[in-house]
Amino acid sequence: MTLDSYLLVGAALFSLGLIGALSHRNLIALLIGIELMMNAASLNLMAFNRFVVTDPTTGQIFVLIIIGLAAAEVAIFLSIILRIYRAYHDIDAEKLTKLSG
Amino acid sequence: MDTLSLILLTTISPLACFIIAIIFLVQQPRIAQGLVLCGSAVSLLSAIGLLVQGPVEPLRFLWFQSGAIQLQFGFILDGASLMFGVVVAFITACIMLYSIGYMAHDPGKTRYFALLSFFAWSMLSFVYAVDLLQSFIFWELVGLSSFFLIGFWFEKPEAAGAARKAFLMTRVGDVGLFIGILIILQLVQNFDIPSLLDPQSGLSTQISPGMLNAITLLIFIGIMGKSAQFPLHTWLPDAMEGPTPVSALLHSATMVAAGVFLMIRLHPLFMAAQDTALIVLSIATFTAILASTIAMVDTDIKKVLAYSSIGQLGFMIMALAAGSLFAGVFHLITHAVFKALLFLCSGIYIHAYHTNSMAEIGRRGGRRLKATTFGLLIGGAALSGVPPLAGFWSKEEIFAQLGHNGFNIYMAGAFLAAFLTAYYTFRMIFLITKPDHAPASDHSHPEPMNMKAPVLLLTLGAIVLGFFGSNIAQGLGLMPQHHSVILMIPTVGIVILGILIAYFDYGRDNAPRTGFISKIAPLNTLFTNKWYIDDIYRVTIVAITHALSRILHWIEDHVLDGNYDRFGLGILRTGAKSTRIQGGWMQLYLGWAIILLAVVALYLGLR
């Protein structure tokens, strides 16, 4: 296993996440896409940590913080989605255009 | 009481009444008019008290000091201010009493009485002012209060226009006056009137004659505006749009008298400036003739009286310019009384018959108002200069002065004006008392007592005041002059001639009821159109101002405002366009963000 294969998996994962985030109208699908991208970033960090950096703890701490952040972010995102649903009875991203100029 | 409290009572009580009435008594007009009348009575009594005490040294209080320049507030208590202060307070009181009847049904009564009180305060403070700047402040307040009162019925466009015209025209003069005052400040750093007039160390000893001429001429421009002298006289006839008692006040003791009084105050300066005195004399003589000729043909009783005021003011200024302080003061005082009387009489007619036309008043039975017609007759005779009424003595004094100092051309002009004065005054009297056909049924109400009392009081004044000439001269600290019988003969002669011609034209049975001047068509047209002066102003100054205003308006609209508008609209449009980026579709934002990141990453990676 080389660094390249890890990075390839990471890039694939990121692209999938990006496509999911940009193409789905459903806010929850959008959240899943964002989570995928974040995990791709974590995977990349771990790969760099494994192959490039000498001290292995740096990347692990980094990734642990990202996981913690992602958990918190999901909680906030879901509560926002809940509020949006209560207000608009819909979670279609294209219909939430109240802030358009 | 001591002098200070008396002078404070004289000047402050009208102000206090004004403030109380205008703030607290708008809903209680009856209380307001009583209060204002009381204030005016207090003011009159204390002014009389001051006069009885006699002249004393000026009272001065330092207002503020800036470098060498001291500005004072204070009171001059010499003969002229003491006597004229009493006249102002007396006539104001009479007119307030009269107004109770005249304005009985007016909704704005409190405002009216409060403003009268304000007017009285400004004028009294002006009369007693010791400092030139203080004089100027109250001079402007006099102008302001007459603006308010001329435009009292401001819902009438003519009245509002007349008020504006009066304000603007006097302002033209005031600019001259103010420049004159500033030059004095520049040259001698002193505003104190008594020390400016001091013959040993005053203004005339410190500056060159040319400068003195310039200063006095500038001051005279202010007087010209205020006292309605040619060419700034056209506001005064228009000012007739105000209530008649206001006209009476405006024409007798306040406003127009302020100009003459300033000249009385600064008389030594005018005497020292020989060239100015001659210019002033010519203007005043011309004004007197001009005004009298217009009064000959006008049909509106108030307009006739207005033009006669202009003419009589011309007489006063003539007297002052010819060198006689006494004649000027004397005529100012007698004129104040008989002109107030005439205006109050005309007010009663207008109140009773609702018309300003003299012929119409006569036809509707004007002479049935006995007391008023008596007042009109006495006032008119005094104005014409019929002996032994007030106007005769003071006018005779003016002629004597003009003759004494050898101003023969001006004296001829004065005689012409006096002749015309007698003519138009008796034309007015005959038109009212000898109507061309008998009046129809009598539905006029008799004069109410509070309108009759001031008229009778002033009638008495117009009869007896002429005999107090020597007292007035003594009050001014001058020797009373001896009347020369030789001069009296032509003076009386021209008056009788004027009355006779008026009788021939209007008074006798089967009179033609057209003036002799109508036989000379061009002159008649000229006089009827008021010498075209208003029209000349309309096509020159007014038209030029309007054109200039339109140009400036265009520049403002299209250049200044236009560019500001374009600037603002540009920002608005840019905003409107740029908001389209904010579609509100956040996945698009996300896409843009990632594309941007990718570009940055590529750039950094390829570098």
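Computed from a prediction, not measured in an experiment: that's the story for all the values here. Each chain carries its own residue numbering, running from 1 in the written order of its sequence. All chains are assigned letters beginning with A, and all ligands numbers beginning with 1, in the order in which they are written. Note on the predicted model: pLDDT of at least 70 is required for a residue's local features to be given, and 80 or more for side-chain atom pairs to be given and counted; whole-chain, interface and lining totals, by contrast, use all residues. As a rule here, side-chain values cover all heavy atoms of the structure and leave hydrogens and water aside.

## Points about the overall build of chain A
Helix numbers and strand numbers start at the N terminus; a helix is a DSSP run of H or I with at least 4 residues, a strand a run of E with at least 2. Each helix and strand counted, chain A has three helices and zero strands in total. Written out in order from the N terminus, the α and β elements of chain A read α-α-α. For chain A, whose C-alpha radius of gyration is 17 Å, the value lies well above the compact-globule estimate of 13 Å for 101 residues. Only protein chains enter the area calculation, which uses a 1.4 Å probe; residues under 20% of their type maximum are buried, those over 50% are exposed, and those in between are partly exposed. Buried positions account for 27% of the 101 residues belonging to chain A. Long-range contacts, defined as pairs at least 24 residues apart, comprise 62% of the intrachain contacts of chain A with a sequence gap of at least 6. Of the accessible surface of chain A, which amounts to about 6,600 Å², a share of 71% is contributed by carbon and sulfur atoms. Here the positive residues are Lys and Arg and the negative ones are Asp and Glu; neither His nor the chain ends is included. A charged residue contributes its charge at one atom only: NZ of Lys, CZ of Arg, CG of Asp or CD of Glu. Charged side chains of chain A number 6 positive and 7 negative; the gap between the two group centres comes to 12 Å. Based on C-alpha atoms, the radius of gyration is set beside the globule rule, defined as 2.2 Å times the residue count to the power 0.38. Whether two residues are in contact is decided by their heavy atoms, any of which lying within 4.5 Å being enough. Method for areas: the Shrake-Rupley scheme with a 1.4 Å probe, in which residue coverage is limited to the protein chains shown.

## Topic: the packing of aromatic side chains
Residues and elements named next belong to chain B. Working definition: a ring pair exists when centres of Phe, Tyr or Trp rings (six-membered ring for Trp) sit within 6.5 Å. Plane angles under 30 degrees give stacked, over 60 give edge-to-face, the rest tilted. Taken as a whole and assessed by the stated rule, the structure comprises 25 aromatic pairs over all chains. Judged by centre distance (5.8 Å) and plane angle (50 degrees), the rings of Phe147 and Phe148 are tilted. Aromatic pair Phe326 and Phe330: ring centres 5.3 Å apart, planes at 15 degrees, arrangement stacked. In this pair, Phe326 and Phe330 both sit in helix 16 (residues 325–353), four residues apart, roughly one turn of the helix. Grouping residues by exposure puts Phe326 and Phe330 together as buried.

## Considerations on the interface of chain B and chain A
Of the residues lining the interface, ten residues belong to chain B; the matching set on chain A comes to 16 residues. Between chain B and chain A the total buried area reaches about 1,000 Å² when both faces are included, carbon and sulfur atoms providing 68% of it. N or O atoms within 3.5 Å of each other form a polar contact, as long as, within protein, one can give a hydrogen and the other can take it, and as long as residues adjacent in sequence are counted only when both atoms are side-chain atoms. Where chain B meets chain A, there are zero residue pairs in polar contact (both at pLDDT 80 or more). A 1.4 Å probe defines the accessible area here, and the buried area is the portion of it lost by two parts on being joined, summed over both.

## What to know about unusual backbone geometry
Here Phe230 of chain B and Pro231 of chain B are connected by a cis peptide whose omega angle stands at 5 degrees. The phi dihedral of His89 of chain A is positive, around 55 degrees, even though this residue is not glycine. Mapping His89 of chain A onto the fold places it in the segment after helix 3 (57–88). A positive phi is found at Met255 of chain B, a non-glycine position, where the angle reads about 40 degrees. We classify Met255 of chain B as buried; its relative accessible area is 1%.

## Overview of the packing of helix 12 (residues 256–265) of chain B against helix 16 of chain B
Residue and element names in this part refer to chain B. In contact at an axis separation of 10 Å, helix 12 and helix 16 are set at 160 degrees when each is read in the N-to-C sense. It follows that helix 12 is roughly antiparallel to helix 16 by the angle criterion. Once helix 12 is placed against helix 16, the crossing between them reads as left-handed. Residues Ala257, Val260, Phe261 and Ile264 of helix 12 touch helix 16, and the partners they reach there are Leu325, Val329 and Leu332. Basically, the charged four are Asp, Glu, Lys and Arg, the nonpolar ten are Ala, Val, Leu, Ile, Met, Phe, Trp, Tyr, Cys and Pro, and anything else, Gly included, counts as polar. Counted by class, the contact of helix 12 with helix 16 contains seven nonpolar, no polar and no charged residues. Axes here refer to lines fitted to C-alpha atoms; in helices the fit is confined to the stretch in contact. Angles between the N-to-C directions go from 0 to 180 degrees. Any angle that falls under 35 degrees is termed roughly parallel, while one over 145 is termed roughly antiparallel, one within 65 to 115 roughly perpendicular, and all others oblique. Here is the rule for handedness: rotate from the far helix to the near one, and if that takes an anticlockwise turn smaller than a right angle the crossing is left-handed, while a clockwise turn gives right-handed.

## Remarks on helix 18 (residues 370–384) of chain B
All names here are of chain B. Working rule for helices: expected span equals 1.5 Å times residues minus one. Taking 1.5 Å of rise per residue, the 15 residues of helix 18 would be expected to cover 21 Å, and the 21 Å separating its terminal C-alpha atoms lies within 8% of that figure. With twelve of 15 residues buried, helix 18 is to be regarded as a mostly interior element. Structurally, helix 18 contributes buried residues whose contacts are with helix 15 (301–321), helix 16, helix 19 (390–404), helix 20 (408–433), helix 21 (449–464) and helix 23 (485–507). One or two residues past the end of helix 18 sits Gly385, with phi positive at roughly 95 degrees.

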